Amino acid sequence: MKNQTKIKIARSAHDVFEAFVDPSKIGNFWFSSSSKRWEPGKTITLRYEEYQAEGEITIKEIVTDKKISFEWDYGTIHLVTIALTAIDDTTTIVEVCEEEFPESADAIPLIVGNKEGWVYMLTCLKGYLEHGITTLRAALVHE
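Computed from a predicted structure; not experimentally measured.

J.: Now, about the packing of helix α1 (residues 13–21) against helix α3 (residues 108–131): what can you tell me, with residues and values included?
T.: Relative orientation of the contacting elements α1 and α3 amounts to 120°, with a least axis distance of 11 Å. Crossing of α1 against α3: the hand is right-handed. Note on element contacts: α3 touches α1 through Met121, Leu125, Tyr128 and Leu129, opposite Asp15, Val16, Ala19 and Phe20. Looking at the contact of α1 with α3 residue by residue, the class counts come to 7 nonpolar, no polar and 1 charged.

Here it is, written out as structure tokens:
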């Protein structure tokens, strides 16, 4: 099973792409830090300082300004693909697809929580790129 989430952002595909792969930018909307620039074959450490948490991703594929694929492991390995579709020079559709969820009713809470996370991250990305807002990232509360 897979989970897909999309949003339209009023910025170029290049600006959106760089927000993900440039370690100096990712802290403005998603993780607090990224250990290095995202490139195929690299293992990247992502940290959430606010939650004292970190994890690793392995970059599988990069197509500049169009696609980022990586794997991460939280119980099972999931493949995440971030596709960027330029509508014009100033508008991009960002689609996140996460695959490899188990095909069972037990997976439904995991998929719902996963969807919530992607919607939140994309909303923070939109706020950052369109309005310069960098304070949304670490505001999600789970109880």
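J.: Which residues make up the pattern of salt bridges, and what values go with them?
T.: Applying the stated criterion across every chain, the model contains 8 salt bridges. Here Arg11 makes a salt bridge to Asp15, at a shortest N to O gap of 2.9 Å. Among the residues examined, Asp15 registers a relative accessible area of 26% and is labelled partly exposed. The salt bridge involving Arg137 is made with Glu50; its shortest N-O contact spans 2.3 Å. Note that Arg137 is positioned in the segment after α3 and Glu50 in the loop between β3 (43–48) and β4 (53–63), a separation of 87 residues in sequence. According to the relative accessible area criterion, Arg137 is buried, its value standing at 11%.

J.: Describe the sheet that holds β3, listing the residues and the values that go with them.
T.: Taken in spatial order, the 7 strands make up an open sheet running β1-β7-β6-β5-β4-β3-β2, and their pairing is antiparallel. A single partner strand is all that each edge strand has here, and the edge strands are β1 (2–9) and β2 (33–34). In terms of strand pairing, β3 meets β4 through 6 bridges, oriented antiparallel. Bridge pairing links Thr45 to Glu56 in β4. This element, α1, spans β1, β4, β5 (67–73), β6 (77–88) and β7 (91–99) of the sheet and lies at about 155° to β6.

J.: Could you give an account of α1, naming the residues involved and the relevant values?
T.: Where burial is concerned, most of α1 is hidden: 7 out of the 9 residues are buried. Every buried residue of α1 is listed here: Ala13, Val16, Phe17, Glu18, Ala19, Phe20 and Val21.

Definitions and limits used
- Residues numbered from 1 in each chain as written.
- Predicted model: local features only at pLDDT ≥ 70, side-chain atom pairs only at ≥ 80, totals over all residues.
- Heavy atoms only, no water.
- Axes fitted to C-alpha atoms, helices over the stretch in contact; angles between N-to-C directions.
- Helix = DSSP H or I, 4+ residues; strand = E, 2+ residues; numbered from the N terminus.
- Left-handed = near helix turned anticlockwise from the far one by under 90°.
- Contact = heavy atoms within 4.5 Å.
- Nonpolar A, V, L, I, M, F, W, Y, C, P; charged D, E, K, R; others polar.
- Salt bridge = Lys/Arg side-chain N within 4 Å of Asp/Glu carboxyl O.
- Buried < 20%, exposed > 50% of the residue type's maximum accessible area, 1.4 Å probe, protein only.
- Pairing = 2+ DSSP bridges.

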